[in-house]
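Overview (structure and organization)
Each chain, letter by letter, is given below.
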Amino acid sequence: VHNLLQDVKVSEYPHASRTVAIYDGYGACPVLVEKGKAMLAEFGWGGNLLPSFPLWLIDGTQPSRLTWLFITLLLPLFYWLPLLPG
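Every chain is numbered on its own, with residues counted from 1 as its sequence reads. Owing to the predicted nature of the model, reporting of local features is limited to residues with pLDDT of at least 70; listing and counting of side-chain atom pairs is limited to 80 or more, with chain, interface and lining totals taken over all residues. Just so you know, side-chain values use all the structure's heavy atoms and leave hydrogens and water out.

1. Considering the overall build of the protein
For clarity, the cut-off: Only runs of H or I of at least four residues qualify as helices and only runs of E of at least two qualify as strands under DSSP, and these elements are numbered from the N terminus. When accessible area is computed with a 1.4 Å probe and restricted to protein chains, residues below 20% of their type maximum are described as buried, those above 50% as exposed, and intermediate ones as partly exposed. Areas reported here follow the Shrake-Rupley algorithm with a probe of radius 1.4 Å; residue values treat only the protein chains shown as occluding.
Helix and strand content of the protein: 2 helices and 2 strands. Listing each helix as α and each strand as β along the protein from the N terminus yields α-β-β-α. Put simply, the protein has 86 residues, and 16% of those count as buried. Surface accessibility of the protein: about 6700 Å² in total, with carbon and sulfur atoms responsible for 68%.

Shown next as structure tokens:
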């Protein structure tokens, strides 16, 4: 939205701003380390950790069963049902 609003005159739309949305390099990789355990590696540019979940829920530095359940059960539901069809 920010990129589109930059092309609009601010006087026409007072809520428009001239700030630029900057991509921080966020990436997430589900890593299955063994049956029943997985890690969700979330990182940015330069390999900096950028966790999006609270560490008490999903710690991206330690394999856990909860992360495995999230990756194998919930993530496919989010991907195939609402995200992929648009």
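2. So, the nonpolar core
Put simply, the rule is: Put simply, buried Ala, Val, Leu, Ile, Met, Phe, Trp, Tyr and Cys residues joined by side-chain atoms within 4.5 Å make one nonpolar core. Should any heavy atoms of two residues lie within 4.5 Å, those residues are counted as being in contact.
Listed in full, the 6 residues of the largest apolar core are Ala-38, Leu-40, Ile-58, Trp-68, Phe-70 and Ile-71. Only strand E2 (37-43) and helix H2 (65-83) provide two or more residues apiece to this core. Ranked by residues supplied to this core, first place goes to H2 with 3 residues. Residues contacting Phe-70, with those up to four places away along its chain left out, are Leu-40, Phe-53, Ile-58, Leu-75 and Pro-76.

3. Side note on the pairing of E2
Stated formally: Pairing between strands is defined by DSSP: at least two bridges between the two strands are required.
Judged by which residues are buried, E2 turns out to be one-sided: Ala-38, Leu-40 and Glu-42 face inward and are buried, whereas Lys-37, Met-39, Ala-41 and Phe-43, on the alternate face, are not. The pairing of strand E1 (residues 27-34) with E2 spans 7 bridges and is classified as antiparallel. Considered in E2, the bridge of Val-31 is made with Met-39. Here E1 folds back onto E2, and the loop between the two strands holds 2 residues, one of which, Gly-36, carries a positive phi near 90°.

4. Notes on the side chain of Thr-67
Considering the arrangement of structural elements, one finds Thr-67 in helix H2. Residue Thr-67 is classed as buried on the basis of its relative accessible area, which comes to 0%.

5. Quick notes on the side chain of Glu-42
Rule in force here: We count Lys and Arg on the positive side and Asp and Glu on the negative side, and we leave His and both chain ends out. Basic side-chain nitrogens of Lys or Arg form a salt bridge, by our definition, when they fall within 4 Å of a carboxyl oxygen of Asp or Glu.
Positionally, Glu-42 belongs in strand E2. One buried charged side chain, Glu-42, makes no salt bridge at all; its nearest oppositely charged neighbour is Lys-37, positioned 19 Å away. In this structure Glu-42 touches Tyr-26, Gly-27, Ala-28, Asn-48, Leu-49, Leu-50, Pro-51, Ser-52 and Phe-53, once residues within four positions along its chain are discounted.

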